[in-house]
Amino acid sequence: MTLPLGIDFEFRKQIMDVHIGSDKIKYCYQCNRCTDNCPVASVANPFYHEVTNWFDPRLIVLGTLLGYKDIVMALAGSKSALIPWGCTVCDTCDAVCPQAIEVTEIIGLAKNITSGAGLAPDNIVAQAKTVFDTAKAIPSQPAIERRREQMGLPAVAAPNVNEVQTLLKNIGADKKL
Ligand code: SF4
Ligand code: SF4
């Protein structure tokens, strides 16, 4: 159900359900420690830098807690601090949060909901396709292989693409791609 204010209770419930058995996200008191320590936020802050996308984990927590689905799922390229795709999952925010809120879990779910709706940024979709097609995030290049040989390193074993594709198909990733 979506109210004129843009509050989506189903989205809010999905976020709450990430913490089944715990309602920790409710205890966020917006202290900003996650954002203060986030390496991405430190360089994606319009107060200090010319940036296209502003990244702010504290605001993502607030936006998801309030159920602002449309804002959190805004397409990459939109000017919104609540777009989750800047997160590198370094886990710093989880480590410093005084309320032990798993900020990365919240952001991960926001990413999953966004990609499930076909709103993931093109570069993310392209990277996922590469993993599906080659079973590697960064496919090996002849130059890399030559360099390894020069350094006396063994050749990198070829991954089992069928096995990886079966795993990805089991979670429906092929349909989303
Ligand atoms: S550090 Fe924790 S309590 Fe503070 S704003 Fe971030 S999520 Fe909320
Ligand atoms: S996990 Fe994401 S949001 Fe948290 S500090 Fe790292 S980059 Fe920032």
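Structure shown above.
Residues numbered from 1 in each chain as written. Chains lettered and ligands numbered in written order. Predicted model: local features only at pLDDT ≥ 70, side-chain atom pairs only at ≥ 80, totals over all residues. Heavy atoms only, no water.

A.B. asks: Looking at this model, I keep getting lost on the overall build of the chain. Mind explaining?
C.D. replies: Assigned secondary structure in the chain consists of 10 helices and 0 strands. Taken over 177 residues, the chain has a buried fraction of 32%. Here the analysis covers contacts within the chain between residues at least 6 apart in sequence; of these, 64% occur between residues at least 24 apart. Here the chain has roughly 10800 Å² of accessible surface; of this, 56% comes from carbon and sulfur atoms. (Helix = DSSP H or I, 4+ residues; strand = E, 2+ residues; numbered from the N terminus. Buried < 20%, exposed > 50% of the residue type's maximum accessible area, 1.4 Å probe, protein only. Contact = heavy atoms within 4.5 Å. Areas by Shrake-Rupley, 256 points an atom, 1.4 Å probe, with all protein chains shown as cover.)

A.B. asks: Please clarify how helix H1 (residues 9-17) should be interpreted in this entry.
C.D. replies: Since one α-helical turn is 3.6 residues long, residues separated by three or four positions face the same way. For H1, every residue scored as buried is listed here: Phe11, Ile15 and Met16. Mapping the buried residues of H1 onto a view down its axis gives an arc of 140°, with all of them on the same face. Structurally, H1 contributes buried residues whose contacts are with helix H3 (57-66), helix H4 (69-72) and helix H6 (103-116). Among the residues of H1, the N-terminal cap falls to Asp8, whose side-chain oxygen and the backbone nitrogen of Glu10 are separated by 3.0 Å. (Arc of directions from axis to C-beta. Polar contact = N/O pair within 3.5 Å; in protein donor to acceptor, adjacent residues only side chain to side chain.)

A.B. asks: Help me out: how do you make sense of the side chain of Thr104 in this one?
C.D. replies: For Thr104, the location among the structural elements is in helix H6. For Thr104, a relative accessible area of 11% translates into the label buried. Discounting chain neighbours no more than four positions away, the residues touching Thr104 are Val89, Asp91, Cys93 and Asp94.

A.B. asks: When you look at the packing of H1 against H6 in this model, what are you seeing that I'm missing?
C.D. replies: Angle between the axes and distance between the axes: these two values describe a pair of packed helices. The N-to-C vectors of H1 and H6 enclose an angle of 135°; their axes lie 9 Å apart at closest approach. Classified by the angle between their axes, H1 and H6 sit oblique to one another. The interaxial crossing formed by H1 with H6 has right-handed handedness. On the side of H1, the interface is formed by Phe11, Gln14 and Ile15, while H6 contributes Ile106, Leu109 and Ile113. A per-class count over the contact of H1 with H6 returns 5 nonpolar, 1 polar and no charged. (Axes fitted to C-alpha atoms, helices over the stretch in contact; angles between N-to-C directions. Parallel < 35°, antiparallel > 145°, perpendicular 65-115°, else oblique. Left-handed = near helix turned anticlockwise from the far one by under 90°. Nonpolar A, V, L, I, M, F, W, Y, C, P; charged D, E, K, R; others polar.)

A.B. asks: Looking at this structure, I do not really get the site of ligand 1. What am I missing?
C.D. replies: In the vicinity of ligand 1, the contacting residues are Cys28, Tyr29, Gln30, Cys31, Asn32, Arg33, Cys34, Arg58, Cys97, Pro98, Gln99 and Val103. Tallied by class, the residues present in the shell around ligand 1 amount to 7 nonpolar, 3 polar and 2 charged. (Near = heavy atom within 4 Å.)

A.B. asks: What's the story with the site of ligand 2 in this structure? I'm lost.
C.D. replies: Every one of the 14 residues lining ligand 2 counts as a neighbour, but Cys38, Cys87, Cys90, Cys93 and Thr104 are closest to it. Along the lines of polarity and charge, the residues of the shell around ligand 2 split into 10 nonpolar, 3 polar and 1 charged.

A.B. asks: For this particular structure, what's the right way to read the nonpolar core?
C.D. replies: It is characteristic of soluble globular proteins that their nonpolar side chains tend to be buried jointly. Judged by nonpolar contacts, the single largest core of 25 residues is most densely connected at Ile15, Ile25, Phe55, Val103, Ile106 and Ile107. Secondary structure elements with two or more residues in this core: H1, H3 and H6. Broken down by element, the residue count for this core peaks at 6 residues, all from H6. (Core = buried A, V, L, I, M, F, W, Y, C linked by side-chain atoms within 4.5 Å.)

A.B. asks: Sorry, what's going on with the packing of helix H7 (residues 122-134) against helix H9 (residues 161-170) here?
C.D. replies: The geometry of H7 relative to H9 is characterised by a closest axis approach of 7 Å and an angle of 130° between their N-to-C directions. When the axis of H7 is compared with that of H9, the two are oblique. Listed contacts from H9 to Val131, Phe132, Asp133 and Thr134 of H7 are Val161, Val164, Gln165, Leu168 and Lys169. The residue inventory of the contact of H7 with H9, partitioned by class, reads 5 nonpolar, 2 polar and 2 charged.

A.B. asks: Please clarify how unusual backbone geometry should be interpreted in this entry.
C.D. replies: Leave glycine aside and you will find that most residues have negative phi; peptide bonds, for their part, are mostly trans. Positive phi is not limited to glycine here, since Asn32 has a value of about 80°. Assignment of secondary structure puts Asn32 in the loop between H1 and helix H2 (33-37).

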